[in-house]
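Commentary on secondary and tertiary structure
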Amino acid sequence: MKKSLTKWFTGMMIGTLLLTTAGCGGGSAPATNSASQGGEAAKIGVVAYMSGGGAAYGQAQKEGLELAKDEINALGKVKIELIYEDSRGDKTEAINAANKLINKDNVVGIIGPTLSGEMFAVGPIAHQSGVPIMGTSTTAEGITDIGEFVFRNALPESSAVPQAVKMAVQKYNLKKVALMYSSNNDWAVSGYKTMEQALKDNGVEVLATETFADKDTDFSAQLTKISSLKPDAVMVSSLYQEAALVLRKARETGINVPFVGTNGFNSPELIKIAGKAAEGAIVASPWYPGKENEKIKKFVADYKAKNNKVPDQFAAQAYDALYIYASALEKSGSTTDRTKLRDSLAAIKDFQGVTGKFAFDDKRNPLMDATVLIVKDGQFTELK
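Source: prediction; values computed, not measured.

1. Focus on the confidence of the model for the protein
Summing up the model confidence of the protein, the mean pLDDT is 90 and the portion of residues at 70 or higher is 90%. Under a pLDDT of 50 for its full length, residues 1-38 has, in the predicted model, 59 contacts with residues more than four places off or in other chains.

This is how it looks when you write it as structure tokens:
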């Protein structure tokens, strides 16, 4: 953990030096050409977790973005060029990626990064540089408190998790539960705190709280202890890889109660890795492909035709994010002015995306609803 902190601090120092060298002050917009002057493409940077243990998140985001880009460019109202950088789920890599996109590629805005911890590292750089940045999967508390150039269309855990907990409590008459979370992941810690409060608000007793770390593979000790306490359910805040292994080990240990997860559960990879052990897993999401909605049906069909699979939440939110950027770019009248883009983004309201009706509140968080889902017969379906 000490080595990790040192590496992160070093990355922050490098990022600060690069920004100083580039001379980027708050709210700057170095490029001057407008869409009306040159008709050039708006350069949007993407920082995503595309290799490593959480690569399925970043890959889904890229697939959603590519589909949206092709559709937007075909409409002809605004042209978008996407420039990708792989963060590998690492804060220092995310910092280096953001500095490159801002200072070398001169992007007008950034989508990403994938993880909340990465956003806490990168968000201040984007804000100081006056570059709008939008998280499509950053659900931890405090993300938009970083600064006025930081946005997200990802539903905060504080909105989604309480809905999942309340539904599970009512559905299964939960009285006592156990909690597990990844203690070296900023987002997972935030999710755990939200879960803990939601349980308290619903009058549920927490029998035990067990921790682990990202990339851990052995959860025997934690689950043996939890099994002996006989909880009515287990709540887990972690990314899909660790969550899937927790589910598998839990079933092997004889723990067959419901599992409720935070946003990390929202990936088909959870089901792919956990197999039958994922049955009954519960999570809240703004995305549900089974809704009777023509816009959703078209997106699912187009995505399947291109990628041979059903889009998950991370693909859907990335898809919507690029359309939100496109709408803001069109209204701003420029493909290069970062401040105009920021102001246009903040004014977005009544946007109808595949994840539902959307607007930013005054803190640049999304105003939208979530659906509580359960894994049934190997796929996510609405919990009723």
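Don't stop here, the text continues.
2. Digging into helix α13 (residues 338-346)
Listing the buried residues of α13 in full gives Arg-338, Leu-341, Arg-342, Ser-344 and Leu-345. The buried residues of α13 all sit within an arc of 165 degrees when viewed along its axis, so they share a single face. For α13, the N-terminal capping position is held by Asp-337, with its side-chain oxygen 3.1 Å away from the main-chain nitrogen of Thr-339.

3. Some details on the pairing of strand β8 (residues 233-237)
Of all 5 residues in β8, 5 are buried, a share of seventy percent or more. Here β8 shows no split at all, with Ala-233, Met-235 and Ser-237 on one side and Val-234 and Val-236 on the other all buried. Bridge count between strand β6 (residues 176-182) and β8: 5 bridges; the pairing is parallel. Across the sheet, the residue bridging to Ala-178 is Val-234, located in β8. By the bridge criterion, 3 bridges tie β8 to strand β9 (residues 259-261) in an arrangement that is parallel.

4. With respect to the layout of surface pockets
What the second largest pocket holds in volume is close to 330 Å³. Along its surface, the second largest pocket is lined by 18 residues, and Pro-289, Val-310, Pro-311, Gln-379 and Phe-380 are the ones closest to its centre. Elements with a contribution of two residues or more to the lining of the second largest pocket: α10 (268-274) and β14 (379-382). When its residues are assigned to classes, the lining of the second largest pocket shows 9 nonpolar, 7 polar and 2 charged.

5. What to know about the side chain of Asn-185
The residue Asn-185 is located in the loop between β6 and α7 (186-201) in this model. Given the relative accessible area of 7%, Asn-185 is considered buried. Setting aside anything within four residues of it in sequence, one finds Asn-185 in contact with Asp-214 and Leu-239.

6. Brief notes about the side chain of Thr-371
You can see Thr-371 is positioned in strand β13 (residues 371-376). Note on Thr-371: relative accessible area 10%, which makes it buried. Apart from residues no more than four positions distant in its own chain, Thr-371 is found in contact with Val-283, Ala-284, Ser-285, Lys-291 and Glu-382.

7. Structural notes on the pairing of strand β10 (residues 282-285)
Burial along β10 is two-sided: the face carrying Ile-282 and Ala-284 and the face carrying Val-283 and Ser-285 are both buried. Direction of pairing for β10 relative to β13: antiparallel, over a ladder of 4 bridges. Among the inter-strand pairings, Ile-282 is bridged to a residue of β13, identified as Ile-374.

8. Points about the environment of Pro-113
Among the secondary structure elements, Pro-113 is positioned in the loop between β3 (109-111) and α5 (116-129). C-alpha of Pro-113 to C-alpha of Ala-94: the two residues are 19 residues apart in sequence and 7.1 Å apart in space.

9. What to know about the packing of aromatic side chains
This structure, assessed with the given rule, holds 11 aromatic pairs. Between Tyr-57 and Phe-314, the aromatic rings sit 4.5 Å apart at their centres with planes inclined by 50 degrees, giving tilted as the arrangement. Placement of Tyr-57 in helix α3 (residues 55-75) and of Phe-314 in helix α12 (residues 313-332) is noted, with a sequence separation of 257 residues between them. Of the residues examined, Tyr-57 reaches a relative accessible area of 1% and is grouped as buried.

10. Observations concerning the sheet that holds strand β5 (residues 150-152)
Through backbone hydrogen bonds, the strands of a sheet pair up, either in parallel or in antiparallel fashion. With parallel pairing, 5 strands are arranged side by side in an open sheet as β2-β1-β3-β4-β5. The open sheet has two free edges, formed respectively by β2 (80-86) and β5, since each of these has just one partner strand. Within the sheet, the average angular offset between the axes of one strand and its neighbour, ignoring direction, is 25 degrees. Pairing of strand β1 (residues 42-48) with β2 involves 7 bridges; the strand directions are parallel. When the bridges of β2 are listed, Gly-45 appears paired with Ile-83. Taken strand by strand, α3 contacts β1, β2 and β3, and its axis lies near 170 degrees from that of β2. Along the sheet face, α12 touches β1, β2, β3 and β4 (133-135) and points at about 165 degrees away from the line of β3.

11. Some words on unusual backbone geometry
Residues Gly-112 and Pro-113 are joined by a peptide bond in cis, for which omega reads -5 degrees. A positive phi is found at Lys-230, a non-glycine position, where the angle reads about 50 degrees. For Arg-364, which is not glycine, the phi dihedral falls at a positive 70 degrees. Along the chain, Arg-364 turns up in the loop between β12 (356-358) and β13. Overall, Arg-364 belongs to the buried group, its relative accessible area being 11%.

Conventions we followed
Residues numbered from 1 in each chain as written. Predicted model: local features only at pLDDT ≥ 70, side-chain atom pairs only at ≥ 80, totals over all residues. Heavy atoms only, no water. pLDDT = per-residue confidence, 0-100. Contact = heavy atoms within 4.5 Å. Buried < 20%, exposed > 50% of the residue type's maximum accessible area, 1.4 Å probe, protein only. Helix = DSSP H or I, 4+ residues; strand = E, 2+ residues; numbered from the N terminus. Arc of directions from axis to C-beta. Polar contact = N/O pair within 3.5 Å; in protein donor to acceptor, adjacent residues only side chain to side chain. Pairing = 2+ DSSP bridges. 1 Å grid on protein atoms, 1.4 Å probe; cavity = no way out; pocket = protein on both sides within 12 Å on 5 of 7 lines; lining within 4 Å. Points joined across faces, edges and corners; volume = space filled by probe spheres on them. Nonpolar A, V, L, I, M, F, W, Y, C, P; charged D, E, K, R; others polar. Phe/Tyr/Trp six-rings, centres within 6.5 Å; stacked < 30°, edge-to-face > 60°. Axes fitted to C-alpha atoms, helices over the stretch in contact; angles between N-to-C directions.

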